[in-house]
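The lines below spell out each chain.
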Amino acid sequence: MSVAPYLALVLGLASAFQLIAYKLKVPSILLLLVGGFLLGQLVSPEAVLGRDLLFAGVNIAVGIILFEGSLSLRFRELRGLGQTVLRLCTVTVLLAWLLITAAGIVVGVGWQLALLIGALLVVTGPTVIAPIVRQLRPTRRVSSMLRWEGIIVDPIGAILAVLVFQAVIISGPEPALGTALWTLGRTILVATVITLVLGVALEVALRRHWIPDFLEGTVFLAVSVAALVISNEMQTESGLLTVTMLGIFLANRPGLRLDHVREFKEHLQVLIVGTLFVLLAGRLSPAEVLGVLPTALVFVTILILVVRPASIWLGLMGTSATREERTLLSFMAPRGIVAAAVTSIFALELEHASEEALLASREGGLDPTDLLRLEAQAERLEALVLASADLVPLVFMTIVITVAVYGLGVGRLAERLGLATTTPHGVLFAGAPTWARQSAAVLEKLKVPTLLVSLSPAEVMQARLSGLRVERTHILSEYAVEDMELAGIGSLVAGTFDDETNSTAAREFAHTLGSQRTFTVRRQADPLPEGSSPQEKQRAQAEKQAAKKHGDRRHGQRGSANRGSGSGSERDGAGNGRRRSMDKAPVQKGSAQAKRRTATKLSTNVAFWPPLSSPELEDRIREGMQVRQTKLTEQHPLDAFLEREPDAVLMFVVEDGVARVVTADTTVPQTGVALVALVKARGAATHQVRELTERPGDDDPEPEPEPEVAESEGGSEAPDADR
C-alpha cells in the first residue's frame, strides 16, 4: 500500500473509532489500540512510512499534544492545591519509579531495564486523562489534580527515562551519577532558555498585534514544533520539557488571550492522538502480545493494586487532599501515548547504541585495554537488546489494561465517593427569576440536581431561602466560565433578561456541556416561530398593540407571548400526541424577517414550548401561573393534560431522574414520565408568598406576592419554591 491511501485509512479509522467510543461511552484509546493492532496485521506502518519518518512524526506529535495540554494549566487553579500538585509531580513520581522498578524485577526484568520501565511508566498523560475526565466530569479539585499530574509528569517521566538510559544503560553503572547530573542540568538549562526566548517573543507579537487572528494557531504550532526540535538537537529528549514549560509560560501571562490558539490545537490534538495510537499499535505482532501476556497481567496487577495506591497515599500524606480524593487518585493512573512513544524510541535507540558499540570494537589500532572495554560494552548492550525484546509489547499491554480498568471502572468509584457522575443530568440556570426558581424547586423534588447563577441580591436571597443551590456571580464571569463547580450538571438553560448574555453563555458552556445540551429562552426581538397557530399570532399582535398603546416599556420590545388555544399539541395521523415541530421556512435575503431573525451561526437551542422570553415567563407568573410537575399515566396521559391546560408552557420531561429540556422538536411521551410545565394555578392549591422580585430597569424593586408552589397533577404536591 502506498503512503497516501495508508494515511487516509489511518485518519479515517482514528476518527471513526473515537466517534464510536463516544457513542458507546467507553475510552476511545481501547478501540484505537485494538483497531491499530488489527490494521498492523494487514500493513505495517514501518513498511509504508519507514522507521525514521515514523518516529520523527511521533516525536513531533507528542510535543504538540503536550504543548496543547500545557496551555490549559493556570496557576490560579492551584489555589488550595499547590502542595498537593507539587507532591503529585515530585514525591509521588519518585515513589512510583522505585515501586515500578521493584515490580519489574519481581516479574523477571533485569534491574537496568526495570529502572527504564519504571521511568517510562510513571507518566499518565493528557491523551488518556482528558477523555476520561471529559466523560467522568469530576469536581474541579479532582479535575485540576489529574490534569496537572498528567501534563507535568509526562516530560518528567521522559527526562527520567533519558537519565536512566544514558547514565545506566549506555555509560554503564560506574559514571552513572555524574552523567545523570550533567544530563539533568543541561536539559533544564536548554528548556528554560528556549522557553524564555520564544515565550517572550510570542507574547510581544500577540500584544502588538503582529499576528492576525486567523494565523495565531498556525504560528503557535510552528513555534512549538521549532522549540521541540531545537531543544532535542541541543539536548536529547529535552524537547518535551521545553514545550510543556513554553505552554505553561504563555497560559499564565496576564491579559494574554489565547482563545484562537486553544481552539485550533484542541481539534488538532484529537486528530493526532487517534492517529498516533493507530500507528504505534500497528507495530505489534500477535506473537509478541501473546508472549508477554502472562508477565503483563502480573505486572499490571501489581501496578494497580500496590504501586499506585502506595505512591498516592504516601506521597500526599499531610496535604489538603481529602480521603475521598486520595482514594480516587489511587485508582486513576492510565498510561498514554507518551509511554508508548518514548518506549518505542528508546527501544530503537538501544539497538543503534548496540550497533555503534559493535562497530567501534571492530576498528583496528585500538589499545588492548580500550578494545576489551569496547567489546565488553558491545556485549552488554547486545544482551540488553535481546532482553528488551519484550519491552515495547509489555508497555503496550500495560497501556491497554490500565486504560480498560481505569476507564471502565473509575466512574462507579467516583460516584460512590461523591466526586463525579458518569451520567450528569443536572440543570444549570443562568439567571434566577421566579420561573427559574420554581423550576429548580420542582426538579429538585424529582431528584434532578440544579444550580442557579445570578448576580441579583434579591434573586440569590430568595433562592437560598428556598434551599436551592445558587452561585452569586455573573454567568459570563471568569469564575463561572473557568472555576465554577459543574459536577453533576448536564444542561444549561440561559434565562436572564438580556438576550446577548443568554446567547453568549449558551455558546460558551457548549464547550463543556455540548451544544445539544445548552439552551436559551426565546430572544425578545425574535419573530414568532414557523408553525405558530393563528390564535398565537392574533394574541401576539394584540399584545404588541396594547403595549404600544399603554407605553409599557417591559412589553414594547418583546414580541409574542406565544400562547393560546393552539399551543398544546397537534396530533399526527396515528393520534400519538407528538409535539409540533418548529419548521424553519427559508427566509428571503433582505426581508423584514431576515433582518430580525438571529443569524443561524449565532443561534442556539430555544428552550420550552411554546418558546417564551424570560420577561414573558415572569409575566405568566404574575398572571397567576406556576411551575408544577405532572405524572403522565394511563389515566392522565399527555393529551388529557393538554386539553385541561391549553395555555401550558412545557419545560422539562423527567424520566428516571434524568431531565430533558422540552423544545419545539421534542416528542413528549404520552405516559411514563413526569412533565414539568408552567400552568394555571388552581385556587385551593395555590399557596401565596411574598417575594422581592428584581427586574431589569426597576430602580427600586418592590416586594410583590407571587405564587411559588407547584402542585403536581394526580395528587402529589410539588415543593414550594421559596419554602
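Residues numbered from 1 in each chain as written. Predicted model: local features only at pLDDT ≥ 70, side-chain atom pairs only at ≥ 80, totals over all residues. Heavy atoms only, no water.

Turning to the overall build of the protein, a few remarks are in order. Helices and strands together make up the secondary structure of the protein, namely 26 helices and 14 strands. In the protein, buried positions account for 54% of the 723 residues. For the protein, contacts bridging at least 24 residues in sequence account for 76% of all contacts bridging at least 6. Taken as a whole, the protein presents about 31,400 Å² of accessible surface, with 59% of it coming from carbon and sulfur. (Helix = DSSP H or I, 4+ residues; strand = E, 2+ residues; numbered from the N terminus. Buried < 20%, exposed > 50% of the residue type's maximum accessible area, 1.4 Å probe, protein only. Contact = heavy atoms within 4.5 Å. Areas by Shrake-Rupley, 256 points an atom, 1.4 Å probe, with all protein chains shown as cover.)

Here six strands make up an open sheet; going across it, the order is β3-β2-β1-β4-β5-β6 and the pairing parallel. One side of each edge strand has no neighbouring strand; the edge strands of this open sheet are β3 (470-472) and β6 (605-606). Here helix α20 (residues 457-465) sits on the sheet in contact with β2 (450-454) and β3, set at roughly 155° to β3. Relative to the sheet, helix α22 (residues 499-513) contacts β1 (426-430), β4 (489-494) and β5 (518-520), its axis offset from that of β4 by approximately 170°. (Pairing = 2+ DSSP bridges. Axes fitted to C-alpha atoms, helices over the stretch in contact; angles between N-to-C directions.)

Extensive coverage of strand β8 (residues 649-655) is indicated by the burial of six of its seven residues. Pairing between β8 and strand β10 (residues 674-680): five bridges, direction antiparallel. Bridge pairing links Phe652 to Val676 in β10. Hairpin geometry of β8 and strand β9 (residues 658-661) is characterised by an intervening segment of two residues between the two adjacent antiparallel strands and by a positive phi of about 55° at Asp656.

Here helix α2 (residues 28-42) is 15 residues long and its end C-alpha atoms lie 22 Å apart, about the 21 Å a rise of 1.5 Å per residue gives. All of the buried residues in α2 are Ser28, Ile29, Leu30, Leu32, Leu33, Gly35, Gly36, Leu39 and Gly40. Those residues of α2 hidden inside the fold are in contact with α1 (3-24), α8 (126-136), α13 (259-281) and α18 (391-417). (Expected span 1.5 Å × (residues − 1).)

What follows is about the nonpolar core. Core analysis: the largest hydrophobic core is formed by 131 residues, its most contacted members being Ile100 and Leu250. Among the elements that make up this core, the one with the highest residue count is helix α9 (residues 140-170) (13 residues). Excluding anything up to four places from it in sequence, Leu250 contacts Phe67, Leu71, Gly199, Leu202, Phe220, Leu256 and Leu258. One finds Ala432, Ala436, Leu443 and Ala463 within the second-largest nonpolar core, a separate group that totals 35 residues. (Core = buried A, V, L, I, M, F, W, Y, C linked by side-chain atoms within 4.5 Å.)

The next point concerns the packing of aromatic side chains. Centre distance and the angle of the planes are the two values used to describe a pair of aromatic rings. According to the stated counting rule, one finds five aromatic pairs in the structure shown. Centroid distance Phe429 to Phe652: 6.0 Å. Interplanar angle 80°. Geometry classified as edge-to-face. Placement of Phe429 in strand β1 and of Phe652 in strand β8 is noted, with a sequence separation of 223 residues between them. Here Phe429 and Phe652 have matching classes, each one buried. Here a set of aromatic residues connected by ring pairs shows up, and it is made of Phe429, Trp435, Phe608 and Phe652. (Phe/Tyr/Trp six-rings, centres within 6.5 Å; stacked < 30°, edge-to-face > 60°.)

Let us now look at unusual backbone geometry. In the segment running from Trp609 into Pro610, the intervening peptide bond is cis, with an omega of -5°. Of note, the phi angle at Lys447 is positive, near 70°, even though the residue is not glycine. Along the polypeptide, Lys447 turns up in the loop between α19 (434-445) and β2. You can call Lys447 exposed: its relative accessible area is 66%.

A few words on the sheet that holds β9. Spatially, the four strands line up as an open sheet ordered β7-β10-β8-β9, and their pairing is antiparallel. Strand pairing shows two members of the sheet lacking a second neighbour, β7 (625-631) and β9, which therefore form its edges. The sheet shows a mean angle of 25° between the axes of neighbouring strands, taken without regard to direction. Pairing between β8 and β9: four bridges, direction antiparallel. Across the sheet, residue Glu655 finds its bridge partner in β9, namely Val658. Of the strands in this sheet, β7, β8, β9 and β10 are in contact with α19, which crosses β7 at around 20°.

The next thing to look at is the packing of helix α11 (residues 213-234) against helix α12 (residues 239-251). Where α11 contacts α12, the two axes come as close as 7 Å, and the packing angle between them is 140°. Our classification of the angle between α11 and α12 gives oblique. Note on packing geometry: the crossing formed by α11 with α12 is right-handed. Between α11 and α12, the residues in contact are Phe220, Val223, Ser224, Ala227, Leu228, Ser231 and Asn232 and Gly239, Leu240, Thr242, Val243, Leu246 and Leu250, respectively. The residue inventory of the contact of α11 with α12, partitioned by class, reads eight nonpolar, five polar and no charged. (Parallel < 35°, antiparallel > 145°, perpendicular 65-115°, else oblique. Left-handed = near helix turned anticlockwise from the far one by under 90°. Nonpolar A, V, L, I, M, F, W, Y, C, P; charged D, E, K, R; others polar.)

What follows concerns the environment of Ala506. If you trace the backbone, Ala506 turns up in helix α22. Ala506 sits in the buried class, given a relative accessible area of 1%. Taking the C-alpha atoms as reference points, Ala506 and Thr518, 12 residues apart in sequence, are found 5.3 Å from one another. When sequence neighbours within four positions are dropped, the list of residues in contact with Ala506 reads Leu492, Thr518, Thr520 and Thr604.

In terms of residue burial, β10 counts as a mostly covered element, since six of its seven residues are buried. The pairing of β7 with β10 spans seven bridges and is antiparallel. Each residue of the ladder has a partner; that of Lys631, found in β10, is Ala674.

In this section: helix α6 (residues 91-106). Helical periodicity: at 3.6 residues per turn, an α-helix aligns residues three or four positions apart in one direction. Counted at 1.5 Å a residue, the expected span for α6 with its 16 residues is 22 Å, and the 23 Å between its end C-alpha atoms agrees. Downstream of α6 by one or two residues, Gly108 has phi in the positive range, about 100°.

With that out of the way, let us pick up the pattern of salt bridges. Two side chains of opposite charge can pair, provided their charged atoms sit close to one another. Applying the stated criterion across every chain yields a total of eight salt bridges. Glu325 is the salt-bridge partner of Arg141, the closest N and O atoms lying 2.7 Å from each other. Of this pair, Arg141 sits in helix α9 while Glu325 sits in helix α15 (residues 323-330), placing them 184 residues apart in sequence. Owing to a relative accessible area of 29%, Arg141 belongs among the partly exposed residues under this scheme. Exposure remark for Glu325: the relative accessible area of 4% places this residue in the buried category. The partner of Glu149 in a salt bridge is Arg308, and the shortest N-O contact between them spans 2.8 Å. Taken as a pair, Glu149 in helix α9 and Arg308 in helix α14 (residues 286-315) lie far apart in primary sequence, 159 residues in all. We classify Glu149 as buried; its relative accessible area is 4%. (Salt bridge = Lys/Arg side-chain N within 4 Å of Asp/Glu carboxyl O.)

What follows is about the environment of Val627. Assignment of secondary structure puts Val627 in strand β7. Taking the C-alpha atoms as reference, Val627 lies 4.3 Å from Leu678; in sequence the two are 51 residues apart.

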